[in-house]
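# Structural overview for review
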Amino acid sequence: GAGVSQSPRYKVAKRGQDVALRCDPISGHVSLFWYQQALGQGPEFLTYFQNEAQLDKSGLPSDRFFAERPEGSVSTLKIQRTQQEDSAVYLCASSELPRDLSNQPQHFGDGTRLSIL
Amino acid sequence: GDSVTQMEGPVTLSEEAFLTINCTYTATGYPSLFWYVQYPGEGLQLLLKATKADDKGSNKGFEATYRKETTSFHLEKGSVQVSDSAVYFCALRDSNDYKLSFGAGTTVTVRA
């Protein structure tokens, strides 16, 4: 398909385990975003990539959260030593142009639902 | 900082009823405004947008008008269908920024 693809769709982990969430953006999209959506809330910004450069990680809640996009395409969000409060849906979005200066919309994937037991 | 406040749900309507979801915002710059929809089991989809004051965004029978004087972007549909059952999110992106700020979402259920 031509949309943003995220895997896995669901992830269950025990507290203290490390997890890795994958995002395949739309081909050719320069900008990539990660958001965290807690139950019953709207998405909250985590981090932003322009190609392989992580230009903003101000939304990452702690140093247990790490994101990378080494070749400017696929991105991975890693959470180390997971805690129960990390349970949420993690959304990835991509857009065509840097920083959406042309107001191009962000295209979202279906998300990964992470449950920490 | 930027923030979005939208009408709390859940909202339950009968088919063909009129739907309004209120949304107000606070922004430091001159934002673009969006409505996203999340159908059950699916990701966020852009429903409509407006980039400047008095612009009206429209799609699938939904409309919203960017009102700078009242800092609002209320979503309306004149006759809802069961297939409109979803969670609706109001969002903004401030000028000179790239990230979206979302409201908490409003769950809409339309009964046949």
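See the structure shown above.
Here's a quick rundown of the structure.

Each value, and the rule that gives it
- Residues numbered from 1 in each chain as written.
- Chains lettered and ligands numbered in written order.
- Predicted model: local features only at pLDDT ≥ 70, side-chain atom pairs only at ≥ 80, totals over all residues.
- Heavy atoms only, no water.
- Helix = DSSP H or I, 4+ residues; strand = E, 2+ residues; numbered from the N terminus.
- Rg over C-alpha atoms; globule rule 2.2 N^0.38 Å.
- Buried < 20%, exposed > 50% of the residue type's maximum accessible area, 1.4 Å probe, protein only.
- Contact = heavy atoms within 4.5 Å.
- Lys, Arg positive; Asp, Glu negative; His and termini not counted.
- Charge placed at Lys NZ, Arg CZ, Asp CG, Glu CD.
- Buried area = accessible area lost by both parts, 1.4 Å probe.
- Salt bridge = Lys/Arg side-chain N within 4 Å of Asp/Glu carboxyl O.
- Polar contact = N/O pair within 3.5 Å; in protein donor to acceptor, adjacent residues only side chain to side chain.
- Nonpolar A, V, L, I, M, F, W, Y, C, P; charged D, E, K, R; others polar.
- Phe/Tyr/Trp six-rings, centres within 6.5 Å; stacked < 30°, edge-to-face > 60°.
- Pairing = 2+ DSSP bridges.
- Axes fitted to C-alpha atoms, helices over the stretch in contact; angles between N-to-C directions.
- 1 Å grid on protein atoms, 1.4 Å probe; cavity = no way out; pocket = protein on both sides within 12 Å on 5 of 7 lines; lining within 4 Å.
- Points joined across faces, edges and corners; volume = space filled by probe spheres on them.

## Comments concerning the overall build of chain A
- Of regular secondary structure, chain A possesses zero helices and eleven strands.
- Counting from the amino terminus, helix and strand elements in chain A follow one another as β-β-β-β-β-β-β-β-β-β-β.
- In summary, chain A has a C-alpha radius of gyration of 13 Å against a globular reference of 13 Å for 117 residues, a match within 12%.
- With respect to the three principal axes, the spread of C-alpha positions in chain A is 40 × 25 × 25 Å.
- The burial tally for chain A puts 46% of its 117 residues in the buried class.
- Of the contacts formed within chain A by residues at least 6 apart in sequence, a portion of 55% connects residues at least 24 apart.
- Charged side chains of chain A number 12 positive and 13 negative; the gap between the two group centres comes to 8 Å.

## Let's talk about the interface of chain A and chain B
- Contact residues are listed per partner, giving 21 residues for chain A and 19 residues for chain B.
- Buried surface at the junction of chain A and chain B, both sides included, amounts to about 1600 Å², of which 52% is carbon and sulfur.
- The interface formed by chain A and chain B includes zero salt bridges.
- Taken together, chain A and chain B are joined by six residue pairs in polar contact (both at pLDDT 80 or more).
- Of the residues forming the side of chain A that touches chain B, the biggest block, three residues, is contributed by strand E4 (residues 31-37) of chain A.
- Within the side of chain A that touches chain B, the residues separate by chemical class into eight nonpolar, eight polar and five charged.

## Looking at the packing of aromatic side chains
- Scanning the model with the defined rule gives 17 aromatic pairs over all chains in all.
- Ring geometry for Phe33 of chain A and Tyr98 of chain B: centres 6.5 Å apart, planes at 40°, overall tilted. Linking Phe33 of chain A in strand E4 with Tyr98 of chain B in the loop between strand E10 (86-93) and strand E11 (101-102), this pair reaches from one chain into another. Both residues of the pair, Phe33 of chain A and Tyr98 of chain B, belong to the buried class.
- Look at Phe65 of chain A and Tyr90 of chain A: their rings are 6.5 Å apart centre to centre, the planes differ by 40°, and that puts the pair in the tilted class. Pair noted here: Phe65 of chain A is in strand E7 (residues 65-68) and Tyr90 of chain A is in strand E9 (residues 88-95), with a separation of 25 residues, a long-range link.

## Side note on the pattern of salt bridges
- Scanning the model with the defined rule gives nine salt bridges over all chains in all.
- One salt bridge in this structure joins Glu68 of chain A and Lys78 of chain A, with 3.3 Å as the shortest N-O distance. Taken as a pair, Glu68 of chain A in strand E7 and Lys78 of chain A in strand E8 (residues 75-79) lie far apart in primary sequence, ten residues in all.
- Lys78 of chain A gets classed as partly exposed once you look at its relative accessible area, which sits at 33%.
- With a shortest N-O distance of 3.3 Å, Lys52 of chain B and Asp55 of chain B are connected by a salt bridge.

## Regarding the sheet that holds E7 of chain A
Residues and elements named next belong to chain A.
- Here we have four strands laid out as an open sheet, ordered E1-E3-E8-E7, and antiparallel in their pairing. Strands with a single pairing partner mark the edges of an open sheet, and in this sheet they are strand E1 (5-7) and E7. Adjacent strand axes in the sheet meet at a mean angle of 15° when their direction is disregarded.
- Relative to E8, E7 runs antiparallel, the two sharing four bridges. Its bridge partner being in E8, Phe65 is matched across the sheet by Ile79.

## Notes on the layout of surface pockets
- Each pocket or cavity is described by its volume, and for the largest pocket that value is around 580 Å³.
- For the largest pocket, the lining is made up of 30 residues, of which Gln37, Leu39, Val89 and Arg113 of chain A together with Gln38 of chain B are closest to its centre.
- Sorting the residues of the lining of the largest pocket by element identifies E9 and strand E11 (112-116) of chain A together with E10 and strand E12 (106-111) of chain B as the ones contributing at least two each.
- The leading source of residues in the lining of the largest pocket is E11 of chain A, at four residues.
- Among the residues forming the lining of the largest pocket, the class breakdown is 13 nonpolar, 13 polar and four charged.

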